[in-house]
Amino acid sequence: MKDEEKKVCNCAEDDCDCGCGCDCDCEDEIVELTDESGKKMKFYHVGTIEFKNAYYAAFQPAEEIEGVDEDELIIFEVADGEGEESELLPIEDQDLLDDVYEEFCRVLDEEEECGCDDDCDCDCCKGE
């Protein structure tokens, strides 16, 4: 899959901070992913982590997608692509996928406990 980041908002509220004209949670980044057949799907980018010398990105569906539960976490390995696009590769090793999932859960739990935003400079956000 190729990763094309786009902010998308369809709620049409008047007082939005993201510039789309709405008053919603637009800070949640929606990413449009394109599969090998050219089909585009919208996902929330949950986060990207470094784990065992590689980068992994987690996504949740932002729209109904056949065969994917709305609360399902989908994890890809991030590989450099051409230009500004990154290629997202499926993780075929089930043990590695389980380890990456556990690391995502650990990182997300730490962020929840901290209560900081993405621009925080505290030790817990630096992974120290």
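These notes cover the structure that comes with them.

Bringing the overall build of the protein chain into the picture now. What the protein chain contains, in helices and strands, is one helix and six strands. The N-to-C order of helical and strand elements in the protein chain reads β-β-β-β-β-β-α. In the protein chain, which comprises 128 residues, the proportion classed as buried is 27%. If you sum the accessible surface of the protein chain, you get close to 9100 Å²; carbon and sulfur atoms cover 38% of it.

The next thing to look at is the pairing of strand S5 (residues 74-80). Strand direction decides the pairing type here: strand S4 (residues 54-61) and S5, joined by five bridges, are antiparallel. For alanine 57, the partnering residue across the bridge sits in S5 and is phenylalanine 76. Summarising the sheet, S5 and strand S6 (residues 86-90) pair through five bridges and their orientation is antiparallel. The partner of aspartate 80 across the bridge, within S6, is serine 86.

On to the packing of aromatic side chains, then. One pass over the structure, following the stated rule, counts two aromatic pairs. An aromatic cluster of three or more residues is present, and its members are Phe43, Phe59 and Phe76.

Below, the discussion takes up unusual backbone geometry. The residue lysine 52 is not glycine, and still its phi comes out positive at about 50°. With respect to the helices, strands and loops of the structure, lysine 52 is situated in the loop between strand S3 (40-51) and S4. Classification of lysine 52 by relative accessible area gives exposed; the value is 57%. Here asparagine 53, not a glycine, exhibits a phi torsion of approximately 65°, which is positive. Relative accessible area serves as the criterion here: at 78%, asparagine 53 is assigned to the exposed category.

Our focus in this paragraph is the pattern of salt bridges. Applying the stated rule across the entire model yields four salt bridges. Among the salt bridges present, the one from lysine 52 reaches aspartate 99, with a minimum N-O distance of 3.7 Å. Of the two residues, lysine 52 sits in the loop between S3 and S4 while aspartate 99 sits in helix H1 (residues 94-114), which places them 47 residues apart along the sequence. Among the charged side chains, a network of salt bridges with common partners joins Glu103, Arg106 and Glu110.

Moving on: the pairing of S3. Relative to S3, strand S2 (residues 30-34) is paired through five bridges, and the arrangement is antiparallel. Bridging from a neighbouring strand, glutamate 32 pairs with lysine 42 of S3. As consecutive antiparallel partners, S2 and S3 are separated by five residues, and within that stretch glycine 38 has a phi angle of approximately 95°, a positive value. Here eight bridges tie S3 to S4, and the two strands are oriented antiparallel to one another. Each bridged residue has a counterpart across the sheet, and for isoleucine 49 the counterpart in S4 is tyrosine 56. Following S3, the chain reverses through two residues before pairing antiparallel with S4; lysine 52 in that reversal takes a positive phi of roughly 50°.

Criteria and thresholds
- Residues numbered from 1 in each chain as written.
- Predicted model: local features only at pLDDT ≥ 70, side-chain atom pairs only at ≥ 80, totals over all residues.
- Heavy atoms only, no water.
- Helix = DSSP H or I, 4+ residues; strand = E, 2+ residues; numbered from the N terminus.
- Buried < 20%, exposed > 50% of the residue type's maximum accessible area, 1.4 Å probe, protein only.
- Areas by Shrake-Rupley, 256 points an atom, 1.4 Å probe, with all protein chains shown as cover.
- Pairing = 2+ DSSP bridges.
- Phe/Tyr/Trp six-rings, centres within 6.5 Å; stacked < 30°, edge-to-face > 60°.
- Salt bridge = Lys/Arg side-chain N within 4 Å of Asp/Glu carboxyl O.

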